[in-house]
Amino acid sequence: MSAATQQPKAPAGPEGDRRGGSLLRSELLRFATRRFIQVLLGLAVLGWLGAIGIGLASFDHPTEADYAVAQQNFEQTREDDEQWREECAAQAEEAGQAVDDFCGPPMTVEDFLQVQPFDLGSAAVPGTMGAAAAAAVLAFLVGATWIGAEWSNRSIVALLFWVPNRLKVMGTKVAVLALAAAVIGAAAQAAWLLMAWILDSAAGSGRELPAGFWGELLAAQGRAVVLAVLISLIGFGLANLTRNTGAALGVAFVYFAILESALRGFVGLAADRWSLLVNAVALVLPGGTRIYDYSSDFTGEPPSYLVTNLHGGLVVGAYVAVIVGIGTWLFARRDLH
């Protein structure tokens, strides 16, 4: 009787466990055990350690002798710089721009120092942008190989025997990748802050940070994490469309090295407004980025357009929606032989 009433066991595999999230746990484990992804992350850590070493070798506290040499060089070029600045100030007035914005800040003795201390106030945003770029490239590679390897070894086809719902499979893979890319982006920004702290402790300038420094910096770093997620999904989408990691990398190379430059040459400012690279920069950079049209006839300042953080995020998000959306639609409908 007990044998007759005993409930049959659920089949093995992702659908066998009826508790929620079994497929998600399976995909998280699959992602964590990808050897190539582990190698990429290891290389990223080595690159970060190398960057710290280069920074420690590049920055130092200048001595009195260093300041004496810098003062001598400053005095030799002061007259020419003042004459140039007067001419530039006149041009700034004609263009209706502030002199410092149009011509740059005035030259100082510190500009001629051969040995420079690390200045957190001026290095924070460039460092954030550098960390964002590195994380975006790493996230793209991770996203491309995450689904590209599935197509190469046909494991995604085998997975569908256990989970026939294709949209569920693709949605879970996208969710795992987005989570991993967010961790990569956040880790890259945390690594930059740690690197900046090390350099500031070893060879900091001691200058006071400007008002609102940390709020602006942390906001930019948060947007950098969003960028890492979006770029990882673009890599994922391209590899899913082509069913090959190498093909996705080839498409990215052709786009950035050839297509964007060609569009910029033929279309001008309008192409930059909608280009992936410009909008990725605009998403992270505080206040966005201003692009200029040097191809048109102008007097004074050339025509320009401010690409805001919101504009950049929406455009990059649109790229993601189109690429991932088409790939998901084809995955749901096409034959997987």
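Residues numbered from 1 in each chain as written. Predicted model: local features only at pLDDT ≥ 70, side-chain atom pairs only at ≥ 80, totals over all residues. Heavy atoms only, no water.

A. Spatial organisation of the state of the cysteines. Taken as a whole and assessed by the stated rule, the structure comprises one disulfide. Across a sulfur-sulfur distance of 1.9 Å, C88 and C103 are joined as a disulfide pair. Across the S-S bond linking C88 and C103, the dihedral sits near -110 degrees, which makes this disulfide left-handed. Here the residue C88 occupies a position in helix α4 (residues 64-95), and C103 occupies one in helix α5 (residues 99-103), the gap between them amounting to 15 residues. (Disulfide = S-S within 2.5 Å. Helix = DSSP H or I, 4+ residues; strand = E, 2+ residues; numbered from the N terminus.)

B. Region of the structure containing the nonpolar core. F31, V142, L177, I234 and V284 are the most contacted members of the largest nonpolar core, which has 51 residues in total. Contacts of F31, omitting those with residues within four sequence positions, involve I37, V142, W146, V176, L177 and A180. (Core = buried A, V, L, I, M, F, W, Y, C linked by side-chain atoms within 4.5 Å. Buried < 20%, exposed > 50% of the residue type's maximum accessible area, 1.4 Å probe, protein only. Contact = heavy atoms within 4.5 Å.)

C. Fine view of the pattern of salt bridges. This structure, assessed with the given rule, holds seven salt bridges. E75 is the salt-bridge partner of R78, the closest N and O atoms lying 3.4 Å from each other. Here E75 and R78 lie together in helix α4, a separation of three residues that amounts to about one turn. Of the residues examined, R78 reaches a relative accessible area of 32% and is grouped as partly exposed. You can call E75 partly exposed: its relative accessible area is 39%. With a closest N to O distance of 3.6 Å, D119 and R207 form a salt bridge. Taken together, the positions of D119 in the loop between α5 and α6 (120-152) and R207 in the loop between α8 (166-203) and α9 (213-242) put the pair 88 residues apart, joining distant regions of the chain. Under the relative-accessibility criterion, R207 is labelled partly exposed at 47%. A single salt-bridge network, built from bridges that share partners, covers E27, R30, R34, E150 and K173. (Salt bridge = Lys/Arg side-chain N within 4 Å of Asp/Glu carboxyl O.)

D. Main features of the confidence of the model for the protein chain. Here the protein chain shows a mean pLDDT of 87. Residues at 70 or above account for 90%. The element-level mean pLDDT for the protein chain is lowest in helix α1 (residues 2-5), coming to 44, with α9 highest at 96. Across residues 1-20, confidence stays below pLDDT 50; counting only partners more than four residues off in sequence or on other chains, it has 17 contacts. (pLDDT = per-residue confidence, 0-100.)

E. Inspection of the packing of aromatic side chains at higher detail. According to the stated counting rule, one finds six aromatic pairs in the structure shown. Between the aromatic rings of F74 and F112, the centroid separation amounts to 6.0 Å while the plane-to-plane angle is 70 degrees, which identifies the pairing as edge-to-face. Residue F74 is located in helix α4, and its partner F112 is located in the loop between α5 and α6; the two are separated by 38 residues in the primary sequence. For the pair F74 and F112, a shared accessibility class is recorded, and that class is buried. Ring centres 6.0 Å apart and planes at 80 degrees place the aromatic pair W151 and F331 in the edge-to-face group. Taken together, the residues W151 in helix α6 and F331 in helix α13 (residues 309-333) connect sequence positions 180 residues apart. (Phe/Tyr/Trp six-rings, centres within 6.5 Å; stacked < 30°, edge-to-face > 60°.)

F. Quick look at a negative patch on the surface. A cluster of acidic residues, E79, D80, E82, E86 and E87, forms a negative patch at the surface. Counting through the fold element by element, E87 comes out in helix α4. (Patch = residues over 30% accessible without salt bridge, like charges linked within 9 Å, V, L, I, M, F, W, Y side chains within 5 Å. Areas by Shrake-Rupley, 256 points an atom, 1.4 Å probe, with all protein chains shown as cover. Lys, Arg positive; Asp, Glu negative; His and termini not counted. Charge placed at Lys NZ, Arg CZ, Asp CG, Glu CD.)

G. Highlighting the side chain of T145. Mapping T145 onto the fold places it in helix α6. Owing to a relative accessible area of 10%, T145 belongs among the buried residues under this scheme.

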